[in-house]
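Tertiary structure, described
The residues making up each chain are set out below.
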Amino acid sequence: SIRTRAMISRIISGHQTGVDLGAIDAAISLNISHGGYVPARFDATNKIRYPFNEDGPLDTPYLEGVSYTDAENYPVRTRYNVEAGDQTVIFYRSELGRGSQLTLRILKELGKEYYGPYGLATANIGQTINELVVCLTGTVNWAGTREANAPGIQAETFDIVRRIIKKQREIWKQ
């Protein structure tokens, strides 16, 4: 039988603090293509549009592969990222927030493939990683809780995503 090569080739997110940026940071650290849709504001003084999250304008490393939405609100970027991903993974700490609930509704509405939501406070992380290693392939949209609502979730996501990608690379010797 022919074995399918399951590898993450690109990571996208809405670039919010927390889960979104943890996944993007992992992609950057492992030289994986990254990007996603983010809301943009217009700076009338400088006559430019700039992407932002709850901390303000995005830093330069995060701008690679980013597309701006026409709206400043988050539901638009959430839908675009769900549509752009081959799959979506949702992480949260102990309570699924409104943004993650919206992501889940859009995923179900569009019939898109998704994994989770995984509650990292109670999940068996090793088991979660092993499941995702064999399932995730192509462009993966990462969504979940903001850092302000779950301090440390950005670093935790960074670690988990790196472990998933490294295991995939070990399996396929890349």
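Each remark here, short or long, concerns the structure printed above.
Starting from 1, residues in each chain are numbered consecutively following that chain's sequence as written. Where local features are concerned, this predicted model is filtered to residues with pLDDT of at least 70; where side-chain atom pairs are given and counted, the filter is 80 or more; whole-chain, interface and lining totals use all residues. The side-chain figures draw on all heavy atoms in the structure; neither hydrogens nor water molecules are used.

A word on unusual backbone geometry. In this model, Gly-116 is joined to Pro-117 through a cis peptide bond whose omega is 5 degrees. Per the convention used, a helix needs a DSSP run of H or I reaching at least four residues, while a strand needs a run of E reaching at least two, with both numbered from the N terminus. Along the chain, Pro-117 turns up in strand 8 (residues 113–119). The backbone phi angle of Asn-31 is positive, close to 60 degrees, even though this residue is not glycine. Positionally, Asn-31 belongs in the loop between helix 1 (19–29) and strand 2 (33–38). On the accessibility criterion, Asn-31 (71% relative accessible area) is exposed. Whether a residue is buried, partly exposed or exposed follows from its accessible area with a 1.4 Å probe, protein chains only, as a fraction of its type maximum: under 20%, in between, or over 50%, in that order.

Next up on the list: the sheet that holds strand 3 (residues 40–43). Paired strands, as defined in this entry, are two strands with at least two bridges between them according to DSSP. Ordered in space as 3-4-5, the 3 strands form an open sheet in which the pairing is antiparallel. Two strands bound the open sheet, and with one partner strand each, they are strand 3 and strand 5 (56–57). As paired elements, strand 4 (residues 48–53) and strand 5 share 2 bridges and run antiparallel to each other. Opposite Phe-52, over in strand 5, you have Pro-57 as the bridge partner.

Turning our eyes to something else, we now look at the pattern of salt bridges. One speaks of a salt bridge when a side-chain nitrogen belonging to Lys or Arg is within 4 Å of a carboxyl oxygen belonging to Asp or Glu. All chains considered together, the criterion is met by 4 salt bridges. A salt bridge links Arg-146 to Glu-54; its shortest N-O distance comes to 3.2 Å. Taken as a pair, Arg-146 in the loop between strand 9 (138–144) and helix 5 (153–172) and Glu-54 in the loop between strand 4 and strand 5 lie far apart in primary sequence, 92 residues in all. The partner of Arg-79 in a salt bridge is Glu-109, with the nearest N and O atoms 3.0 Å apart. Of the two residues, Arg-79 sits in helix 2 (residues 74–84) while Glu-109 sits in helix 3 (residues 98–110), which places them 30 residues apart along the sequence.

Turning to its location among the elements, Met-7 is positioned in the segment before strand 1 (8–12). Taking relative accessible area as the criterion, Met-7 reaches 14% and is therefore assigned buried. Sequence separation between Met-7 and Arg-146 is 139 residues, and the spatial gap between their C-alpha atoms is 26 Å.

Turning our attention to the sheet that holds strand 6 (residues 66–68). In spatial order, the strands read 6-2-1-9-7-8; together these 6 strands make up an open sheet with parallel pairing. Of all strands in the sheet, those with a lone pairing partner are strand 6 and strand 8, marking the two edges. Averaged over all neighbouring strand pairs, the angle between strand axes comes to 20 degrees, with direction disregarded. Looking at chain direction, strand 7 (residues 87–92) and strand 8 are connected through 5 bridges and run parallel. By the bridge assignment for strand 8, Tyr-92 is matched with Gly-119. We call two residues contacting when some pair of their heavy atoms lies within 4.5 Å. Axis definition: a line fitted to C-alpha atoms, over the contacting stretch in the case of helices. Angles run 0 to 180 degrees between N-to-C directions. This element, helix 3, spans strand 7, strand 8 and strand 9 of the sheet and lies at about 155 degrees to strand 7.

Turning next to the packing of aromatic side chains. Aromatic rings from Phe, Tyr and Trp, taking only the six-membered ring of Trp, are treated as a pair when their centres fall within 6.5 Å; an angle between ring planes under 30 degrees marks them as stacked, one over 60 as edge-to-face, and anything in between as tilted. Scanning the entire structure with this criterion turns up 3 aromatic pairs. Taking the centre distance of 5.0 Å and the plane angle of 70 degrees together, the rings of Tyr-37 and Tyr-80 count as edge-to-face. With a gap of 43 residues between them, Tyr-37 in strand 2 and Tyr-80 in helix 2 connect regions that are remote in the sequence. According to the relative accessible area criterion, Tyr-37 is partly exposed, its value standing at 28%.

None of this, on its own, says anything about what the molecule does.
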